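Here is what each chain is made of, one letter per residue.
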Amino acid sequence: MLSGRRLDLLDPSPLDVEIEDIAHGLSRVARWNGQTRGAFSFSVAQHCVIVEEIAGRLSPALDRRWRLAALLHDAAEYVIGDLISPFKAAVGIDYKAFERRLEAAIHIRFGLPPHPPAHVAKLLKQADLQAAYFEATHLAGFSEDEAKGFFGKPLVPAPDMTPRPPGEAHALFLARFTALGGAQGTGG
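The structure displayed is predicted, hence computed values, not measured ones. (Residues numbered from 1 in each chain as written. Predicted model: local features only at pLDDT ≥ 70, side-chain atom pairs only at ≥ 80, totals over all residues. Heavy atoms only, no water.)

**A closer look at the environment of Ala55**
Working step 1: On the secondary structure map, Ala55 appears in helix α2 (residues 44–58).
Working step 2: Counting along the chain gives 36 residues from Ala55 to Ile19, while the straight-line C-alpha distance between them is 21 Å. (Helix = DSSP H or I, 4+ residues; strand = E, 2+ residues; numbered from the N terminus.)

**A short note on helix α9 (residues 166–179)**
Working step 1: With 14 residues, α9 ought to run about 20 Å at 1.5 Å a step, and its terminal C-alpha atoms sit 20 Å apart, in line with that.
Working step 2: Of all the positions in α9, only Ala169, His170, Phe173, Leu174 and Phe177 are classed as buried. Within α9, the buried residues cover an arc of 130 degrees as seen down the axis, which keeps them to one side. Along α9, the residues that are exposed and aim more than 90 degrees away from the buried face are Gly167, Thr178 and Ala179.
Working step 3: Those residues of α9 hidden inside the fold are in contact with α1 (19–28), α2 and α3 (64–71).
Working step 4: Phi turns positive one or two residues past the end of α9, at Gly181, with a value near 80 degrees. (Expected span 1.5 Å × (residues − 1). Buried < 20%, exposed > 50% of the residue type's maximum accessible area, 1.4 Å probe, protein only. Arc of directions from axis to C-beta. Contact = heavy atoms within 4.5 Å.)

**What to know about the confidence of the model for the protein chain**
Working step 1: For the protein chain, per-residue confidence averages 91 on the pLDDT scale, and 93% of positions sit at 70 or higher.
Working step 2: Model confidence for the protein chain, summarised as mean pLDDT per element, is weakest for helix α5 (residues 85–90) at 67 and strongest for α2 at 98. (pLDDT = per-residue confidence, 0-100.)

**Description of the packing of helix α7 (residues 118–138) against helix α8 (residues 144–151)**
In a pair of packed helices, the angle between the axes and the distance between the axes together describe the arrangement.
Working step 1: Viewed as axis vectors pointing N to C, α7 and α8 meet at an angle of 155 degrees, and their least axial separation amounts to 9 Å. Between α7 and α8, the crossing angle belongs to the class labelled roughly antiparallel. The element α7 and its partner α8 pack so that their crossing is right-handed. Counted together, Leu129, Ala132, Tyr133, Ala136 and Thr137 of α7 and Glu144, Ala147, Lys148 and Phe151 of α8 form the full contact between these two elements.
Working step 2: Per-class residue counts for the contact of α7 with α8 are six nonpolar, one polar and two charged. (Axes fitted to C-alpha atoms, helices over the stretch in contact; angles between N-to-C directions. Parallel < 35°, antiparallel > 145°, perpendicular 65-115°, else oblique. Left-handed = near helix turned anticlockwise from the far one by under 90°. Nonpolar A, V, L, I, M, F, W, Y, C, P; charged D, E, K, R; others polar.)

**Brief notes about the environment of Phe98**
Working step 1: Structurally, Phe98 can be placed in helix α6 (residues 95–109).
Working step 2: For the pair Phe98 and Asp11, spaced 87 residues apart in the sequence, the C-alpha separation amounts to 9.1 Å.
Working step 3: When near neighbours in sequence (up to four residues on either side) are disregarded, Phe98 contacts Leu9, Leu10 and Ile80.

**Regarding the nonpolar core**
Working step 1: Core analysis: the largest hydrophobic core is formed by 53 residues, its most contacted members being Ile22, Leu72, Ile106 and Phe173.
Working step 2: If you list the elements that add at least two residues to this core, you get α1, α2, α3, α4 (77–80), α6, α7, α8 and α9.
Working step 3: The greatest single-element share of this core, amounting to nine residues, is contributed by α7.
Working step 4: Residues contacting Ile106, with those up to four places away along its chain left out, are Val17, Ile22, Leu72, Ala75, Ala76 and Tyr78. (Core = buried A, V, L, I, M, F, W, Y, C linked by side-chain atoms within 4.5 Å.)

What follows is the structure, given as structure tokens:
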């Protein structure tokens, strides 16, 4: 990692996870494999910020730590990239278990339980699907009906879907992390 940390992908340690590495990587990973409108790719960092925003709109009383979990819901992609679900299934390894080990290390690093409880996971999935709906209709050329078929009807208004350059996406992600008190769980 740029921080100098060496992350063992098969046995990730929370001690080797740094928020700067996550923000840097996610701001450079394109959603939709880069097949979106705009001068810049829509990054996973922006997607994470939007999912956290939507989760807060869906559940206004949502505890800060679960909002932080929403922001970090795709944090593992800073290392492994954003693979589409059909490809994950075709890879042939237990990709989900691999991803969950990395997610657990990230969560522990920032003071969260390894995995959110079921009710929070359900809310994060709902927010993730709504973000995907807005990405599909605003950036990836889907009609509203087509997007509703894949992701369901959104329950909140569309957030700002303007793709940002990597430096802005990096700063946006870190600003939300700090606002949510994420630095408190870093241990340094």
